[in-house]
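# Residue-level structural notes
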Amino acid sequence: MSVEVSAPSLIPTLPGYTYVDEAVFRAEQERIFEQMWFCAIRSADLDKAGAWKTVQIGRESVLISRTRKGAIRAFYNVCRHRGVKLCMEEQGEAARSFQCPYHAWTYDFEGKLIAAPNLTKMPDIDRDEYGLAKVHIREYLGYVWVCLADEPPSFEEEVMGAIEERLGDLKAIEGYDVANLSLGRRIRYDVKANWKLIIENFMECYHCATIHPELTEVLPEFADGLAAQYFVGHGAEFGDEIKGFTIDGSEGLDIIPGVGEDQDRRYYAITIKPTVFVNLVPDHVIIHRMFPMSADHTIVECDWLYLPSVVESGKDVTASVELFHRVNMQDFDACERCQPGMASKTYAKGGVLVPSEHHIAAFHDWVQEKVGDIAPTGEVRIGLTAETAPLEERAETLKRYESPASRAS
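Each chain has its residues counted from 1, running along the sequence as written. Selection of residues for local features in this predicted model requires a pLDDT of at least 70, selection of side-chain atom pairs for listing and counting requires 80 or more, and totals for whole chains, interfaces and linings are taken over all residues. Where side-chain values are given, they derive from all heavy atoms of the structure, hydrogens and water being excluded.

### Some points on the overall build of the protein
When you go through the protein residue by residue, the secondary structure sums to 11 helices and 18 strands. Classification of the 409 residues of the protein by burial places 53% in the buried group. Long-range contacts, defined as pairs at least 24 residues apart, comprise 66% of the intrachain contacts of the protein with a sequence gap of at least 6. The protein chains shown are the only cover counted for residues, whose accessible areas, like all others here, come from Shrake-Rupley with a 1.4 Å probe. By element, 48% of the accessible surface of the protein is carried by carbon and sulfur atoms, the whole surface being about 19,100 Å². Segments assigned H or I by DSSP are reported as helices when at least four residues long, segments assigned E as strands when at least two residues long, and all are numbered from the N terminus. The buried label applies to any residue whose accessible area, calculated with a 1.4 Å probe on protein chains only, is under 20% of its type's maximum; exposed applies above 50%, and partly exposed to all values in between. The contact definition used throughout considers only heavy atoms, calling two residues in contact when any of these lie within 4.5 Å.

### Here we look at the sheet that holds strand β3 (residues 51-57)
In this scheme, strands are said to pair when DSSP sees at least two bridges between them. In spatial order, the strands read β5-β4-β3-β6; together these four strands make up an open sheet with antiparallel pairing. At either margin of the open sheet sits one strand with a lone partner, and together these are β5 (72-76) and β6 (91-93). Taking each pair of neighbouring strands and ignoring which way they run, the sheet shows an average axis angle of 25°. Note: β3 against β6, three bridges, orientation antiparallel. Within β6, the position partnered with Trp-52 by the bridge is Gly-92. Each axis is a line fitted through C-alpha atoms, taken for helices only over the stretch in contact, and angles between the N-to-C directions span 0 to 180 degrees.

### Notes on the environment of Leu-14
Position of Leu-14 relative to the elements: it lies in the loop between β1 (11-12) and α1 (22-33). As a C-alpha pair, Leu-14 and Tyr-347 span 333 residues in sequence and 9.7 Å in three-dimensional space.

### Notes on empty space enclosed by the protein
Cavity: a set of points on a 1 Å grid over the protein atoms alone where a 1.4 Å probe fits but cannot get out. Pocket: an open set with protein on both sides within 12 Å along at least five of seven lines, its lining residues, like those of a cavity, having an atom within 4 Å of a point. Grid points are joined across faces, edges and corners, and a volume is the space filled by probe spheres set on the points. Under the counting rule described, the total for this entry stands at two cavities of 30 Å³ or more. Together, 23 residues line the largest cavity, and Asn-201, Phe-202, Tyr-267, Phe-324 and Asp-331 are the ones closest to its centre. Elements with a contribution of two residues or more to the lining of the largest cavity: α4 (195-203), β14 (266-272) and α8 (318-341). Top element by residues in the lining of the largest cavity is α8. It accounts for five residues. Three residue categories are used. Nonpolar comprises Ala, Val, Leu, Ile, Met, Phe, Trp, Tyr, Cys and Pro, charged comprises Asp, Glu, Lys and Arg, and polar comprises the others, including Gly. Considering only residue class, the lining of the largest cavity consists of 15 nonpolar, six polar and two charged. Volume-wise, the second largest cavity comes out at about 100 Å³. Residue lining of the second largest cavity: 14 residues in total, with Thr-18, Val-24, Gln-368, Val-371 and Gly-372 positioned closest to the centre. Sorting the residues of the lining of the second largest cavity by element identifies α1 and α9 (360-371) as the ones contributing at least two each.

### Observations regarding the pattern of salt bridges
Between Lys or Arg on one side and Asp or Glu on the other, a salt bridge is scored when a side-chain nitrogen of the former is within 4 Å of a carboxyl oxygen of the latter. One pass over the structure, following the stated rule, counts 18 salt bridges. Among the salt bridges present, the one from Arg-138 reaches Glu-156, with a minimum N-O distance of 3.1 Å. Taken as a pair, Arg-138 in strand β10 (residues 136-140) and Glu-156 in helix α2 (residues 155-167) lie far apart in primary sequence, 18 residues in all. A salt bridge links Glu-301 to Arg-289; the shortest N-O distance between them is 2.7 Å. Here Glu-301, found in strand β17 (residues 297-306), pairs with Arg-289, found in strand β16 (residues 284-294); they are 12 residues apart in sequence, far enough to count as distant. Of the two residues, Glu-301 and Arg-289, neither departs from the other in class, the shared state being buried.

### Notes on the sheet that holds strand β2 (residues 38-42)
If you walk across this open sheet you meet the three strands as β2-β11-β10, and the pairing is antiparallel. Each having just a single partner strand, β2 and β10 make up the two edges of the open sheet. Each adjacent strand pair in this sheet contributes to an overall mean axis angle of 30°, direction not counted. In this fold α2 packs onto β10 and β11 (143-147), with an angle of close to 30° to the strand it touches most, β10.

### Side note on the nonpolar core
Put simply, a nonpolar core is a bunch of buried Ala, Val, Leu, Ile, Met, Phe, Trp, Tyr and Cys residues held in one set by side-chain atoms that sit within 4.5 Å of each other. Counting residues in hydrophobic clusters, the biggest one holds 109 residues, and the most contacted among them are Ile-64, Tyr-140, Trp-145, Trp-195, Phe-245, Tyr-267 and Val-285. Those residues within four positions of Trp-145 in sequence are excluded, and the remaining contacts are Trp-37, Phe-38, Cys-39, His-136, Ile-137, Arg-138, Tyr-140, Phe-155, Val-159, Ile-272 and Val-276.

### Description of the side chain of Asp-108
Structurally, the position occupied by Asp-108 is in the loop between β8 (106-107) and β9 (113-115). Despite its burial, Asp-108 remains without a salt bridge, the nearest opposite charge being carried by Lys-112 at 6.1 Å. Here the side chain of Asp-108 touches Lys-112 through a polar contact of 2.9 Å, landing on its backbone nitrogen. Not counting chain neighbours up to four residues away, the residues in contact with Asp-108 comprise Ser-97, Phe-98 and Ile-114. The positive count covers Lys and Arg only, the negative count covers Asp and Glu only, and His and the chain ends enter neither. Polar contact is the term for a pair of N or O atoms within 3.5 Å; when the atoms are in protein, one must be able to donate a hydrogen and the other to accept it, and sequence-neighboring residues count only if both atoms are side-chain atoms.

### Topic: the state of the cysteines
Cysteine pairs can be covalently joined through their sulfur atoms, and such a bond is termed a disulfide. For the purposes of this analysis, a disulfide is any pair of cysteine sulfur atoms at a distance within 2.5 Å. Taken as a whole and assessed by the stated rule, the structure comprises one disulfide. In this structure Cys-100 is a free cysteine whose sulfur lies 3.9 Å from that of Cys-79, the closest cysteine sulfur available. Assessed through its relative accessible area of 4%, Cys-100 is described here as buried.

### Examining the pairing of strand β15 (residues 276-281)
For a regular strand, the rule is simple: side chains alternate between the two faces of the sheet. The buried count for β15 comes to six of six residues, which makes it a mostly enclosed element. Burial of the side chains of β15 extends over both faces: Val-276, Val-278 and Leu-280 are buried on one face and Phe-277, Asn-279 and Val-281 on the other. Here β14 pairs with β15 via five bridges, running antiparallel. Each residue of the ladder has a partner; that of Thr-271, found in β15, is Phe-277. Between β14 and β15, which pair antiparallel in sequence order, lie three residues. As defined by bridge partners, β15 adjoins β16 across six bridges and the pair is classed as antiparallel. Counted as the bridge partner of Val-276 is Arg-289 from β16.

### Things to note about the side chain of Glu-301
Owing to a relative accessible area of 9%, Glu-301 belongs among the buried residues under this scheme. Within the structure, Glu-301 has its side chain in polar contact with the side chain of Arg-188 (distance 2.9 Å). A polar side-chain atom of Glu-301 sits 2.7 Å from a polar atom in the side chain of Arg-289.

Shown next as structure tokens:
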């Protein structure tokens, strides 16, 4: 006689210290942010030759610029002579080259060393070898993605694969033509919370009925606690009386032509690890990019993208921007309220996930696999101790649970 064991209602989370300890954060910088494809800037931000932006990725400052031929290049923002930071500001425009403010070593937009005091008296210096150290780049969805790893992982598997896994088919995003949309609004949020808390919040909707009254008015099914990301290919449907993805449910802007009938009046949310959220609605796309700065500090840049004709005509985008801006503010406030509790002794072994949040356990397992088991002292634990028992309990629990995202269609 066989006994069927149902999935448990509660699954343990990661221990609290993993959200506050700087040793853990340093490991995440080294083994996640500096090894994976990281969405840095929107390509259109570099609108002319010599335009540049600096981005903090893990422990490194990266300089991204556009060449005279229109190509985009990325380099470590470090002079090869004495290690001076070349560009101190977040963005700017170089007339002809990048010059170190210390000893005037000068580099062209391809990163080649082109000048330095007394350089002609040192003919043995290879100007390419001593040029700026290059960073791997890819352009996708209208954004520049960079990877600091010596050998980058597959972009197709990590980035494009995440979209395919969520939507069920990579073609499902093609109709939104994200790369050719125009920036209608950008808001930068300074969040006093760990980056993992922000991802976990975005992935679940158990909190939606509590803190998102405007969102659940537009997407009534979210009031039931199941986020769209819970099911492969599912898009949350607008309410019967809702005309557009706006703060008051009023008519939206011009529909993106490639959006299919099955995608109309639906909202799709996608998480691309480690730090990107993509939100798709019929008339615009919202992209979140996270920049983890410390264990308890994350910068989030949010872009609202529309058809070029909408932006160029000067149409008012306030109603659509305000909906997700309000959602962002509500979410980030919740994350900031969580952050202090991560250091509480009552949360030392972590918390729990209810059934509608079980898919977040897969994210926790992914983090654990990438980072390993880092003790608060920064020492790597070998094996499991009484203190790490919650991780063992999670593993045993998950053996009896099959993620709904993996079986839904």
